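# Notes for the structure review
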Amino acid sequence: NVRGDFICFLNHLKSLEGAPKEVQGNFICFLNDLTSLEGAPTKVQGGFNCGKNNLVTLNGSPKEIQGEFSCGNNQLTSLEGAPKVVQGDFSCSNNQLTTLEGAPEEVQGNFYCINNQLITLKGAPKVVQGKFSFGNNPNPNIKEEWKLRKENPDMTEDEIKLKMFELTNNKNYIPKEAQDIFLF
């Protein structure tokens, strides 16, 4: 266990094996050569920043975060492995995400997913206390989708897709892998 912050950025680390299991402050491991978070602390009482690495997955990330969680500027295609609740901001901007599957269920601060490849907000947190920022993604109707999800948290994915189709009158809105459930 570490009292206070644990800072290991700019060390060309390829692994977090041997890192402390609990940190009472912030855990900062950005700007390394990490491809995995295996070995990361399980509990961080401050923020966790693993941005600007070569991560393709968040498996191994802390389960408890009492501050912000930043995983931006990696090569993530999924948020699987992210903590379920983040008590601060959550940032996954500048990755290769097409959906938000695996995102935290609750973010008590802001949620940033700017500059990805999002075609749907499937998997978005049920609760975001602050702002939800999703600019510079290929889906032109993403703002309407967020409003729909926020106002109707109990809608199924199929209901959301159908409602978005009705609202936009644009079958291109629906991801290709989901189009087979509709008769056009």
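To keep things clear, this report deals only with the structure shown in the data block.

Definitions and limits used
Residues numbered from 1 in each chain as written. Predicted model: local features only at pLDDT ≥ 70, side-chain atom pairs only at ≥ 80, totals over all residues. Heavy atoms only, no water. Pairing = 2+ DSSP bridges. Helix = DSSP H or I, 4+ residues; strand = E, 2+ residues; numbered from the N terminus. Axes fitted to C-alpha atoms, helices over the stretch in contact; angles between N-to-C directions. Parallel < 35°, antiparallel > 145°, perpendicular 65-115°, else oblique. Left-handed = near helix turned anticlockwise from the far one by under 90°. Contact = heavy atoms within 4.5 Å. Polar contact = N/O pair within 3.5 Å; in protein donor to acceptor, adjacent residues only side chain to side chain. Core = buried A, V, L, I, M, F, W, Y, C linked by side-chain atoms within 4.5 Å. Buried < 20%, exposed > 50% of the residue type's maximum accessible area, 1.4 Å probe, protein only. Arc of directions from axis to C-beta. Disulfide = S-S within 2.5 Å.

## Looking at the sheet that holds strand β11 (residues 111–112)
Reading across the sheet, the seven strands line up as β1-β3-β5-β7-β9-β11-β13 and stay open at both edges, with parallel pairing between neighbours. At either margin of the open sheet sits one strand with a lone partner, and together these are β1 (6–7) and β13 (132–133).

## Some words on the packing of helix α1 (residues 142–151) against helix α2 (residues 157–168)
Angle between the axes and distance between the axes are the two parameters that describe a pair of packed helices. Contact geometry of α1 with α2 gives a least axis separation of 11 Å together with a crossing angle of 135 degrees. Our classification of the angle between α1 and α2 gives oblique. For the crossing formed where α1 meets α2, the hand is right-handed. Of the residues in α2, those in contact with E144, E145, L148 and R149 of α1 are E157, I160, K163 and M164.

## Some remarks on the side chain of T120
With respect to the helices and strands, T120 occurs in the loop between β11 and β12 (127–128). At a separation of 3.0 Å, a polar atom in the side chain of T120 contacts the side chain of E145.

## Re the nonpolar core
Core analysis: the biggest nonpolar cluster contains 38 residues, and F48, L79, F90, L100, F111 and F132 have the highest contact counts within it. When near neighbours in sequence (up to four residues on either side) are disregarded, F132 contacts L100, F111, C113, L121, A124, P125 and W146.

## A closer look at α1
All of the buried residues along α1 are I142, E145, W146, L148 and R149. With its buried residues spanning 165 degrees around the axis, α1 presents them on a single face. Facing away from the buried side of α1 by more than 90 degrees, the exposed set consists of K143, K147, K150 and E151. Here the buried face of α1 lies against β12, β13 and α2.

## Digging into the environment of A19
Relative to the elements of secondary structure, A19 occurs in the loop between β1 and β2 (22–23). Between the C-alpha atoms of A19 and V2, which are 17 residues apart in sequence, the distance is 9.7 Å. Contact partners of A19, with chain neighbours within four places excluded, come to F27 and G39.

## A short note on the state of the cysteines
Every disulfide links exactly two cysteines, by a covalent bond between their sulfur atoms. Inspection of the entire model under this criterion finds zero disulfides. Lacking any disulfide linkage, C8 is separated from the closest cysteine sulfur, that of C29, by 5.2 Å. Using a relative accessible area of 7% as the deciding quantity, one classes C8 as buried.

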